[in-house]
Structure formats: structure tokens, C-alpha cells
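Close look at the chain arrangement
Each chain, written out:
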Amino acid sequence: GGEGGGGGGGGAEGRRKPTASSQVALLVQALQNGDSVMLDQALQVQDAHVVSATVARLPVTAVLPFLQAVLHRIQGKPARVATLASWLRALLSTHAAYLMSCSQLLPLLTPLYQLIDERLGVFKPLLKLVGRMQMLQAQIASQAAASQQDGAP
């Protein structure tokens, strides 16, 4: 079930802000049932306080499966890194001690390291290109201004 109205006064807002306890329940249930739609729904929350409180309340048995699920989504669609980064950061920092004791952590994180290296490799040439484009635009603008001053047609 999770349908139906109920609870939590203040219905004037229309949609309820997710709480850490409701998010933990949603995450654990999604992980246990292998429900990727439910998991994606939970991962849409971006409120930093709710994310960190949710991750802090995760039962230790759900930490590794949750990490695997987040990493799987990042590998499947690298464009989702921006929305999943807050979850990943909270998970890695909050449960660092436990995760460091897991032998499968390094193989799990290797694709993430590779993705970060790829992005960084593209970043520097992209910055150079942006700089060159800005310089080119400035030259074109100054030439246009000079030709207007000269009265050229």
C-alpha cells in the first residue's frame, strides 16, 4: 500500500515535502523489492538536509545495495551524475567506516573513478576552446566597432 490520503496536517501546500523517515522507508522497500521505479522516485529528492538525514538513517544492510544502485544509475546514464552526486556524497561520507571494511568497494568504485577521469580529461580542452571562442568574439566585436567608426558600408 502507500496510497490514500492521511496524516500530516497542513494540506494547503498540495504536495508534501518528503521527510527522511519516509525516504528511508521508500529506499529500503525499493531495494528489497528490486523496484527501480520506486528507487528513482526516492532519488529525485535533492533537498540536502533530507538527503543527508535519509542516508544517515539507512540500515547498514541497505548501504551497499544502495551504493550499487546509485553507481549503476550513474554508469547507465552519466548525465545523471549531477542529480545523484548529493546522494553519493552523503552515502560515501556518512558510511565511510563501514564501506572501507567492504572488500567489494574498490571494484564498485572503479567505474566511477574512470568516469571522473574521462570528464576531467575533456574539461581542460573544453576550457581552452571556450577561451578561444571568447577571444574570437571580442575580435569580431572590435572589428565591427572599428568599421562603424570608419564609416564603412
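Structural notes, computed from the coordinates. Every chain's residues receive numbers from 1 upward, in the order its sequence appears when written. Local features are withheld for residues below a pLDDT of 70 in this predicted model, meaning they are given only at 70 or higher, and side-chain atom pairs are given and counted only at 80 or more; totals for whole chains, interfaces and linings count all residues. Values reported for side chains reflect all heavy atoms of the structure, with hydrogen atoms and water molecules removed beforehand.

**Focus on the overall build of the protein chain**
A tally of helices and strands in the protein chain yields seven helices and zero strands. Secondary structure counts use DSSP, requiring at least four H or I residues in a row for a helix and at least two E residues in a row for a strand, with both numbered from the N terminus. Taken from the N to the C terminus, the helices and strands of the protein chain come in the order α-α-α-α-α-α-α. Taken across its 153 residues, the protein chain has 27% of its residues classed as buried. Residue burial considers only the protein chains on display, and all accessible areas are found by Shrake-Rupley using a 1.4 Å probe. With an accessible surface of roughly 10,500 Å², the protein chain has 58% of that area assigned to carbon and sulfur atoms. When accessible area is computed with a 1.4 Å probe and restricted to protein chains, residues below 20% of their type maximum are described as buried, those above 50% as exposed, and intermediate ones as partly exposed.

**Description of the pattern of salt bridges**
Whenever Lys or Arg places a side-chain nitrogen within 4 Å of a carboxyl oxygen from Asp or Glu, that contact is recorded as a salt bridge. On inspection of all chains with the given rule, the structure shows two salt bridges. Of the charged contacts in the structure, one is a salt bridge between Arg-73 and Asp-40, with a shortest N-O distance of 2.6 Å. On the criterion of sequence distance, the pair formed by Arg-73 in helix α4 (residues 60-76) and Asp-40 in helix α2 (residues 36-43) is long-range, its members being 33 residues apart. Under the relative-accessibility criterion, Arg-73 is labelled buried at 10%. The exposure class of Asp-40 is partly exposed, given its relative accessible area of 26%. Arg-80 serves as the salt-bridge partner of Asp-40, at 3.4 Å between the closest nitrogen and oxygen. In this pair, Asp-40 sits in helix α2 while Arg-80 sits in the loop between α4 and α5 (81-94), placing the two residues 40 residues apart along the sequence. What emerges from the salt-bridge pattern is a single network uniting Asp-40, Arg-73 and Arg-80.

**Details of the environment of Ile-74**
Assignment of secondary structure puts Ile-74 in helix α4. For Ile-74, a relative accessible area of 2% puts it in the buried group. Spatially, the C-alpha atom of Ile-74 lies 8.0 Å from that of Leu-112, the residues being 38 residues apart in sequence. Ignoring anything within four residues of it in the chain, the contact list for Ile-74 reads Val-81, Leu-84, Leu-88, Leu-112 and Leu-115. Working rule for contacts: check all heavy atoms of both residues, and any pair within 4.5 Å makes them a contact.

All we've got here are geometric facts, nothing functional implied.
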